[in-house]
Amino acid sequence: MHRSVVKLLLPEGDPVDHWDLSWTGKGRIKDDQRPASATGRQIRLIGSAHDSEIRVHRGGIAILSAMFSRAFVQDLRQARRNGTYPTVDDPTRAVR
């Protein structure tokens, strides 16, 4: 990554392992809701980041972030045309 922002939308309890990510410049990771115990899948970040930022959103904040995205609006329109449910906010939802 070079001078970019990546937003990870994760469920509650999934830890993020970023120790293999090399930082140059003012890069950092923002994970305010870091789980105390690792109960879910482990997300591992590998590579390099130059003046970049990684933001981790979990649970309700992740759902709100997904719902206020352009992809969600497009998914809503497509679901309405097809008579199905949107999948961006909850990929595990059963299809109709």
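Only a predicted model underlies this, so the values are computations on that prediction, with no experimental measurement involved.

### Remarks on the layout of surface pockets
Thinking step 1. Of the volumes computed, that of the largest pocket is approximately 230 Å³.
Thinking step 2. When residues of the lining of the largest pocket are traced back to their parent elements, those giving at least two are strand 1 (5–10) and helix 1 (59–67).
Thinking step 3. Take the lining of the largest pocket: its biggest share by element is 4 residues, from helix 1.
Thinking step 4. Along the lines of polarity and charge, the residues of the lining of the largest pocket split into 8 nonpolar, 2 polar and 3 charged.

### Regarding the side chain of E53
Thinking step 1. By secondary structure assignment, the location of E53 is in strand 5 (residues 53–58).
Thinking step 2. A residue is classified by how much of its surface remains accessible, and E53, at 16% relative accessible area, is buried.
Thinking step 3. A polar contact is formed between the side chain of E53 and the side chain of R55, at a distance of 2.4 Å.
Thinking step 4. Once residues lying within four places of it in the same chain are set aside, the contact partners of E53 are S4, V5, V6, R28 and K30.

### Digging into helix 1
Thinking step 1. For helix 1, the complete set of buried residues consists of G59, A62, S65 and A66. Along the long axis of helix 1, the arc covered by the buried residues comes to 120°, so they all point the same way.
Thinking step 2. Buried residues along helix 1 sit in contact with strand 1, strand 5 and helix 2 (70–82).

### As for helix 2
Thinking step 1. For helix 2, with 13 residues, the first-to-last C-alpha span of 19 Å sits near the 18 Å given by 1.5 Å per residue.
Thinking step 2. Every buried residue of helix 2 is listed here: F72, D75 and A79. Viewed end-on, helix 2 has its buried residues packed into an arc of 60°, placing them on one side of the element. Of the residues in helix 2, the exposed ones pointing more than 90 degrees away from the buried face are R70, R77, R80 and R81.
Thinking step 3. As for helix 2, its buried residues are in contact with helix 1.

### Quick notes on the sheet that holds strand 5
Thinking step 1. In space, the 3 strands of this open sheet follow the order 1-5-3, with parallel pairing throughout. Only two strands of the sheet have a single partner each, and these edge strands are strand 1 and strand 3 (28–30). Looking at each pair of strands side by side, their axes are set apart by 15° on average, direction ignored.
Thinking step 2. Pairing of strand 1 with strand 5 involves 6 bridges; the strand directions are parallel. Paired with L10 across the bridge in strand 5 is R58.
Thinking step 3. Here helix 1 sits on the sheet and contacts strand 1 and strand 5; the angle it forms with strand 5, its principal contact strand, is near 110°.

Conventions we followed
- Residues numbered from 1 in each chain as written.
- Predicted model: local features only at pLDDT ≥ 70, side-chain atom pairs only at ≥ 80, totals over all residues.
- Heavy atoms only, no water.
- 1 Å grid on protein atoms, 1.4 Å probe; cavity = no way out; pocket = protein on both sides within 12 Å on 5 of 7 lines; lining within 4 Å.
- Points joined across faces, edges and corners; volume = space filled by probe spheres on them.
- Helix = DSSP H or I, 4+ residues; strand = E, 2+ residues; numbered from the N terminus.
- Nonpolar A, V, L, I, M, F, W, Y, C, P; charged D, E, K, R; others polar.
- Buried < 20%, exposed > 50% of the residue type's maximum accessible area, 1.4 Å probe, protein only.
- Polar contact = N/O pair within 3.5 Å; in protein donor to acceptor, adjacent residues only side chain to side chain.
- Contact = heavy atoms within 4.5 Å.
- Arc of directions from axis to C-beta.
- Expected span 1.5 Å × (residues − 1).
- Pairing = 2+ DSSP bridges.
- Axes fitted to C-alpha atoms, helices over the stretch in contact; angles between N-to-C directions.

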